[in-house]
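Below, each chain spelled out in residue letters.
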Amino acid sequence: MFRKKYDVIIVGGGPAGLAAALAASEKGAGSVLIIERDNTLGGILNQCIHNGFGLHWFKEELSGPEYAGRFAAMLKKTAVEVAVETMVLSIDAAATADGLSVVRCISPDESVSDIEAGAVVLCMGCRERTRGAIAIPGTRPAGVMTAGTAQRYVNIEGYMIGKKVVILGSGDIGLIMARRMTLEGAKVLACVELCPYSNGLNRNIVQCLEDYGIPLYLSHTITGIRGDRRLESVTVSKVEGGVPVPGTEFDIECDTLLLSVGLIPENELTRNAGIEINPATKGPKVYENMMTMTNGIFACGNVVHVHDLVDYVSAEAMRAGAAAAEYAAGKRVAGRQIGVKTGPGVNYTVPCVIRPDNVEKAVDIFFRTNVPRKKSVINVMSGDTKIAAFKRDYMAPGEMEKITVPKVLLAKAGDTLTVSVSDAE
Amino acid sequence: MKELVCIVCPRGCRLKVDEENGYAVTGNSCPKGAEYGKKELTAPTRVITSTVKISGAAIARCPVKTDRAIPKAMIFDAMKLLDSVELTSPVKTGDVALADVLGTGANFVVTRDL
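Since we're looking at a predicted model, the values are computed, not measured. (Residues numbered from 1 in each chain as written. Chains lettered and ligands numbered in written order. Predicted model: local features only at pLDDT ≥ 70, side-chain atom pairs only at ≥ 80, totals over all residues.)

Side chains of a nonpolar character, in soluble globular proteins, are inclined to be buried together. All names here are of chain A. By size, the foremost hydrophobic cluster in this structure holds 92 residues, and its most contacted members are Val8, Ile10, Ala20, Val121 and Phe298. Tallying contributions element by element places helix H8 (residues 310-328) first for this core, with 11 residues. Once residues lying within four places of it in the same chain are set aside, the contact partners of Val8 are Ala24, Ala29, Val32, Ala117, Gly118, Ala119, Val121, Ala324, Ala325 and Ala328. Core analysis: the second largest hydrophobic core is formed by 36 residues, Met145, Ile173, Ile222 and Ile225 among them. (Core = buried A, V, L, I, M, F, W, Y, C linked by C-beta atoms within 7 Å. Buried ≥ 20, exposed ≤ 12 C-beta atoms within 10 Å, placed from the backbone. Helix = DSSP H or I, 4+ residues; strand = E, 2+ residues; numbered from the N terminus. Contact = placed C-beta atoms within 7 Å.)

The structure is reproduced here in structure tokens:
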């Protein structure tokens, strides 16, 4: 049974929601509700049975379910309430006379309910791009699915989904599934990557492909899918300048094609609530404390920008949860705003706006570079003035970058900061 | 001299290992990297994660992992052992699902409360 009113409502009980709820509670929010549409907390971590989670946060290597379990155990010691099998339908920001937001949700037990919240934290995560999103030509046989769908079938439901597998995309989920299918007795014939480099972590290239002798075709893509009821073969083509090269096609016989072709932050609720979206990330624009451009609505984790590591999601979500609790308690941030812009070599930044008055000692800026780079310099400029510079030996689009700008330097900045990357001299 | 990507953590350091010089490692950012570089060329090991059957739980499979790394060459034999394991709910994270995998001293342990 829900109350009519909570200090903080968390939308989504995956890694971001778990950490945000914990932080909100620790920061003094008296009533916190997590709304989760699945029948259990943990989100996608539950099907990520491989290890490698938690090295930063817990200083040990955990599997996905263990990582989620640790947070769930910490939450049990708080007064945080959890509503599972409950779906948020809409969010109406600052809708009541006293400025509370209204979250409308639906569940089998309570039908449709409107609940008031002092602050809302969006933790909906992201979903996978599908075959439809990348428009691969061919027939529509069974056996073509996203890597995450396959992961659920194999790791949760206990179904073996195929014997001869091709993987399109070398993101981490695709690489992890290459190893998983191999261990379960399938033959993984190829991992095909459009880019001239992999977007997955290097350790996954090594321990998921190289360990099992799975060939990685860089600058290649799949240009044909054949099969009547079940997938029979795919056509692979070389790619130059983003376009398949005629005459380079070869076929691979297979019964399964797994797609690991990117993740899209899941922001239907966000958009419908009229919250400003950053076209570069497809997630909401946020301030330094993870509040969106709409007062009282916060966001964190993969719904804002896709993270490489769950540890970073937890850290971001702790900041969002704490800030949401403060907002619910009446704290408002005033003063100057500095817009963060992307310069050459930078695809996006989080946050998009920094309010120096709300920065204690320093602010972290997260971003991704556009191409793999060797020795590089990250420049933070305000107009023609260099505010800060950071050196890197190596950068890649697959690895999220973080720079920390001290508060004293923010004082030197004008209305905007521009983050750019250039080759080191 | 052999070049490796370290897999100990997501950082993925690019290691150089000098086989003729006591497997001296360079390019590592931490002591674990030096250890990995030497081990990878002398006696490579991996932690294995998989699932086993479980009855009486909300889902059909229970995730497990080896509680320490086992020799790389044993991976597929270790996987085969899991085919005959069937757990019954309730299980707790850390419960032993299969003890002493192939005489290595490593155990397959449960990684989710089910």
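Where the parts come together, the accessible area they lose is often given as the size of the interface. All names here are of chain A. Looking at chain A, the domain boundaries give domain 1 (5-127 + 264-332), domain 2 (130-261) and domain 3 (342-423). Just the C-alpha atoms count here: the centres of domain 2 and domain 3 sit 35 Å apart. In the side of domain 2 that touches domain 3, the residues fall into two nonpolar, three polar and no charged. (Domains from an automatic or database assignment. Nonpolar A, V, L, I, M, F, W, Y, C, P; charged D, E, K, R; others polar.)

Once that is clear, we can look at the sheet that holds strand S28 (residues 385-392) of chain A. The strands making up a sheet are joined through hydrogen bonds of the backbone, oriented either antiparallel or parallel. All names here are of chain A. One open sheet holds the five strands; their spatial order is S25-S23-S30-S27-S28, and the pairing between them is mixed. For this open sheet the edge positions go to strand S25 (353-354) and S28, each flanked by a neighbour on one side alone. Two strands pair when backbone bridges link them, and strand S27 (residues 376-382) and S28 are joined in this way by seven bridges, in the antiparallel orientation. Its bridge partner being in S28, Val377 is matched across the sheet by Lys391. (Pairing = 2+ DSSP bridges.)

The omega torsion of the bond from Val350(A) to Pro351(A) falls at 5°, within 30 degrees of zero and hence cis. Following the sequence through the fold, Pro351(A) ends up in the loop between strand S24 (346-350) and S25. Across the junction of Ser89(B) and Pro90(B), the peptide omega takes the value 5°, indicating a cis bond. Looking at where Pro90(B) falls in the secondary structure, it is placed in the loop between strand S8 (86-88) and strand S9 (96-98). Despite not being glycine, Glu85(A) has its phi angle at roughly 50°, a positive value. Here Glu85(A) lies in the loop between strand S5 (81-83) and strand S6 (87-92). Although it is not a glycine, Tyr23(B) adopts a positive phi angle of roughly 55°. A tally of 16 C-beta atoms within 10 Å means that Tyr23(B) is categorised as partly exposed.

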